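Residue strings, one per chain:
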Amino acid sequence: MKKLVVVFLACVFAVALVAGNAAAATIMRLAETHPQDYPTTKGDYEFARLVKERTQGRIVIEVYHSKQLGEEKAVIEQVQLGGIDMTRVSISPVAAFVRDLDALQLPYLYRDADHMWKVLNGAIGKDIFKKLEASNFVGIGWFESGARNFYTKKPVKTVGDLKGMKIRVQQSPLMVGLVESLGAVATPMAFGEVYSALQTGVIDGAENNWPSYLSTGHYEVAKYIITDEHTRVPEIIIGSKRVFDKLSKEDRAIIDQAAKDAVAFQIKQWNDFEILSEKTVVEKGSTVSRPDAAEKKKFMDAMKPLYDKQPPEILKVVEQIRAVK
Ligand code: GTR
């Protein structure tokens, strides 16, 4: 009898413990547009793993990949309202909400990836995170996203070839201006609609990095890619200020640190997949045009007027970015 009571009490204790833990765990939803095996999604999972480990399971970040929670623009709106806790997105569509981000995505702004990372990890990156707060976002971390190239249904070898072509861009005024500066017609559109728009000829081309060109299958319907590398657009993890304001300082610090510590892993995934993507699309029949330095300069010159259109506060940040050695 005594034994039975002990077993009974042990069971009650175990149930209480599990229930107690379950009640204490905070579940946070993170929206991701890419598939499960894409380098940004892998970075999201690593970030989530570190947060869970370092909070002993008190904070669980659930990754909803493959647009399960919607396309980027709608997700960003939800994060702003507090309906979705956080998201990993390109800064382009976020810049439509927080103009300051344009300073980080102007064409031919960074010398290379290292330059970009120095900017993001330094005072400028921190400052941009602060600026997000006025629009009810919090900045959590940055991820790598390589350089973006144009790809089209018809061959493009020079900047002039893009004139008059309908090119899809992200829902970002700056990206619209970038494409218009080439005399092309910018068509802002959600990421998930681009494949069929290319297929049906609603658009003549789009632009993205190697991994997205492969993973979306766009290479099947836009077989010509030109490596003009017009811009590096950092990926960002943003959170809802409403949600994050409720966290303790300690938990917030754990989350921020976990995002930082996931970066090296994400960059490694990125670099490997970038090489593989380029190789794969070529094997599958894409034609790559590699503009020489003179042709690349023509792309740069065509896009220069975009800088003149920026307000002084953005130009000030651009100056600071250029000064980062
Ligand atoms: C990708 C980026 C996505 C999305 C997409 C697009 O490079 O990782 O978050 O913004 O581009 O062009 O819509």
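Anything mentioned here points back to the structure above.
Attention in this report is confined to the structure presented alongside it. What you are looking at is a predicted structure, and each value in this text was computed from that prediction instead of being measured. (Residues numbered from 1 in each chain as written. Predicted model: local features only at pLDDT ≥ 70, side-chain atom pairs only at ≥ 80, totals over all residues. Heavy atoms only, no water.)

1. Some details on helix α2 (residues 39-54)
What sets the pattern is the α-helix's 3.6 residues per turn: residues three or four places apart point alike.
Working step 1: Here α2 is 16 residues long and its end C-alpha atoms lie 23 Å apart, about the 22 Å a rise of 1.5 Å per residue gives.
Working step 2: Regarding α2, the residues found buried are Pro39, Thr40, Thr41, Gly43, Asp44, Glu46, Phe47, Ala48, Leu50 and Val51.
Working step 3: Gln56 occupies a position one or two residues after α2 and carries a positive phi of about 50°. (Helix = DSSP H or I, 4+ residues; strand = E, 2+ residues; numbered from the N terminus. Expected span 1.5 Å × (residues − 1). Buried < 20%, exposed > 50% of the residue type's maximum accessible area, 1.4 Å probe, protein only.)

2. Remarks on the sheet that holds strand β1 (residues 26-32)
Working step 1: The strand order β2-β1-β3-β10-β4 describes an open sheet built from five strands, whose pairing is mixed. Two strands in the sheet have a free side with no partner beyond their single neighbour: β2 (59-64) and β4 (137-143). Geometrically, the sheet is characterised by an average inter-axis angle of 25° between neighbouring strands, direction not taken into account.
Working step 2: With respect to the sheet, helix α6 (residues 123-132) is in contact with β4 and β10 (235-240), its orientation differing from that of β4 by roughly 145°. (Pairing = 2+ DSSP bridges. Axes fitted to C-alpha atoms, helices over the stretch in contact; angles between N-to-C directions. Contact = heavy atoms within 4.5 Å.)

3. Topic: the pairing of strand β7 (residues 185-188)
Working step 1: Bridge analysis of strand β6 (residues 166-169) against β7 gives four bridges, and the strand direction is parallel. Within β7, the residue paired with Lys166 across the bridge is Val185.
Working step 2: With respect to chirality, the unit in which β6 leads through helix α7 (residues 173-180) into the neighbouring parallel β7 is right-handed. (Right-handed = clockwise from strand over helix to strand, strands pointing away.)

4. Comments concerning the layout of surface pockets
Working step 1: Volume-wise, the largest pocket comes out at about 380 Å³.
Working step 2: What lines the largest pocket is a set of 18 residues, and nearest its centre among them are Lys126, Phe129, Gly139, Ile140 and Lys260.
Working step 3: Elements that contribute at least two residues to the lining of the largest pocket include exactly α5 (113-121), α6, β4 and α12 (249-261).
Working step 4: Taken together, the residues of the lining of the largest pocket break down into seven nonpolar, five polar and six charged. (1 Å grid on protein atoms, 1.4 Å probe; cavity = no way out; pocket = protein on both sides within 12 Å on 5 of 7 lines; lining within 4 Å. Points joined across faces, edges and corners; volume = space filled by probe spheres on them. Nonpolar A, V, L, I, M, F, W, Y, C, P; charged D, E, K, R; others polar.)

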